[in-house]
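These are the residues of each chain, in order.
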There are 2 protein chains.
Amino acid sequence: MENIKVSKTKKVLKGDILLSHGDIAKYGFRVKSGCLKSYVIDNAGKEHILQFAPEDWLIGDMDSATNKKPSVIFIDAIEDSEVSFISTSDFGDFHSLEKELLAEMSIKLRNNLIATNKRIISLLSATAKERYIEFTNTYPTLVQRLPLKLIASYIGITPEYLSDLRRKISKSQKK
Amino acid sequence: MENIKVSKTKKVLKGDILLSHGDIAKYGFRVKSGCLKSYVIDNAGKEHILQFAPEDWLIGDMDSATNKKPSVIFIDAIEDSEVSFISTSDFGDFHSLEKELLAEMSIKLRNNLIATNKRIISLLSATAKERYIEFTNTYPTLVQRLPLKLIASYIGITPEYLSDLRRKISKSQKK
DNA sequence: CACACTTCTTAAGCTATCTTAATTTTTATC
DNA sequence: GATAAAAATTAAGATAGCTTAAGAAGTGTG
């Protein structure tokens, strides 16, 4: 999607909120530098991270943008970032798009779907420890860069329990 | 994808396996009648259901088909079914496809991605009880039709615990 | 460099969910 | 419609992962 219409580029600061629960998504975001996250907040007020978007990643709420419905997610900057805005009017009607662009979009959607399915497999069938190790293998650069509590949130456990797991893992490696 | 190339139609019996762990997926499947499921088997030998595919649904292993890699999933018939085979060569190179078909594929991929993301939100942020109630609301016809143990597997719990939950739910409704 | 703030760790007790195993109910088959 | 097979239930004991709380270790900022 290098050639998709991009309306503007903007600098955002760590902590800035680009999309809030209840908003109707008018834009998706392409991250030029820095890192964004998308997440939900559950009934108990706990945050659960859906996606990290470092350099060159896209992030947005496709459901809200496509169906013009209030978003259930938030998108924030977790580092100072530079972000370009992708108008979601492009998402609405695929039939009006160029063939070339459609093919690229299909590929991105397909790859995203494959990755998302892997995450479901992981959530259904792997233990917390296995999911953590899988995360470190899949996103080694993010592990360096992100606070552990965000990684815990992404893999579906508490930071305290992740801390336990890491201690157990490093203990078992020492021998 | 009504107009995608479909090589053949075939009747399959309950229990028949259409794709096995280790296979490279040569076909996706469109279900004409009956119902298929896709699932993984974890290290402990437990089955975890990724998808149900009743009438008019598509099911397959996109990762295996796209990347010509051995599948990590199985696809079986859970009822006697009639199924048409979709050649996965269509998946490989999007650029060679008709524009109209690409637009339809993009829409299907997008909708699938939206649904898949909802499932991740549910797995991360909802309790087992909430996930069960959500399932019954989202797929009321499947609830009638499928054994509870398959639903338990789909929402990520054991059949015994689902049984407990159902008892608690019906007890709390009686008052 | 000191203060505040965030992140990380540790530990004890707790709960949602699992395991095992036996029993009952439902469904399919000859 | 009897028998076998599959599905669902029940219950007791086990455990992975959570909660709470407090302290330690980083990190940024004036």
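Basis of the calculations
Residue indices follow the written sequence of each chain, beginning from 1 at its first position. Written order decides the labels, with chains lettered from A and ligands numbered from 1. Note on the predicted model: pLDDT of at least 70 is required for a residue's local features to be given, and 80 or more for side-chain atom pairs to be given and counted; whole-chain, interface and lining totals, by contrast, use all residues. By convention in this description, side-chain values take in all heavy atoms of the structure and omit both hydrogens and water. If even one non-hydrogen atom of a residue comes within 4 Å of a molecule or strand, that residue is called near it. Distance and chemistry together define a polar contact, namely a pair of N or O atoms within 3.5 Å, with one atom able to donate a hydrogen and the other to accept it when in protein, and with adjacent residues in sequence counting only for side-chain atoms on both sides. Labels follow the DSSP assignment, with helices taken as runs of H or I lasting at least four residues and strands as runs of E lasting at least two, numbered in each case from the N terminus. Axis definition: a line fit to C-alpha positions, over the contact stretch in the case of helices; interaxial angles, taken between N-to-C directions, run 0 to 180 degrees. What sets the label is the angle itself: under 35 degrees gives roughly parallel, over 145 gives roughly antiparallel, 65 to 115 gives roughly perpendicular, and the rest give oblique. Take the far helix as your reference; a near helix turned counterclockwise from it by less than a right angle gives a left-handed crossing, and one turned clockwise gives a right-handed crossing. Here the term charged refers only to Asp, Glu, Lys and Arg, the term nonpolar to Ala, Val, Leu, Ile, Met, Phe, Trp, Tyr, Cys and Pro, and the term polar to all other amino acids, Gly among them. Salt bridges are defined as contacts in which a side-chain nitrogen from Lys or Arg sits within 4 Å of a carboxyl oxygen from Asp or Glu. Working definition: with a 1.4 Å probe on protein chains only, accessible area under 20% of the residue-type maximum means buried, over 50% means exposed, and in between means partly exposed.

Explain the protein's contact with DNA strand D residue by residue, including any values.
Neighbouring DNA strand D are 16 residues; Tyr161 of chain A together with Leu148, Lys149, Ser163 and Arg167 of chain B lie closest to it. Each atom of DNA strand D within 4 Å of the protein belongs either to a base or to sugar and phosphate, the latter forming 80%. At a separation of 3.3 Å, a phosphate oxygen of DNA strand D approaches a polar side-chain atom of Lys46 of chain A. Those elements that place two or more of their residues in the surface near DNA strand D are α7 (159–174) of chain A together with α6 (148–155) and α7 (159–174) of chain B.

Any details on the packing of helix α3 (residues 99–125) of chain A against helix α3 (residues 99–125) of chain B? Residues and values, ideally.
Where α3 of chain A meets α3 of chain B, the closest approach of the two axes is 9 Å, and the angle between their N-to-C directions is 25 degrees. It follows from the interaxial angle that α3 of chain A and α3 of chain B lie roughly parallel. In this structure, α3 of chain A crosses over α3 of chain B, and the sense of that crossing is left-handed. Taken together, the residues of the contact of α3 of chain A with α3 of chain B break down into 14 nonpolar, eight polar and six charged.

Outline the pattern of salt bridges, listing residues and values.
Taken as a whole and judged by the stated rule, the model has 12 salt bridges over all chains. The shortest N-O distance in the salt bridge between Asp63 of chain A and Lys69 of chain A comes to 3.2 Å. Look at Asp63 of chain A and you get buried, because its relative accessible area is 13%. Classification of Lys69 of chain A as partly exposed rests on a relative accessible area of 31%. Note that Lys118 of chain A and Asp63 of chain B form a salt bridge whose closest N and O atoms lie 3.5 Å from each other. One end of the pair, Lys118 of chain A, is in helix α3; the other, Asp63 of chain B, is in helix α1 (residues 62–67), on a second chain. Of the residues examined, Lys118 of chain A reaches a relative accessible area of 41% and is grouped as partly exposed. Ionic contacts of the salt-bridge type, sharing partners, join the residues Glu55, Glu79 and Arg145 of chain A into one network.

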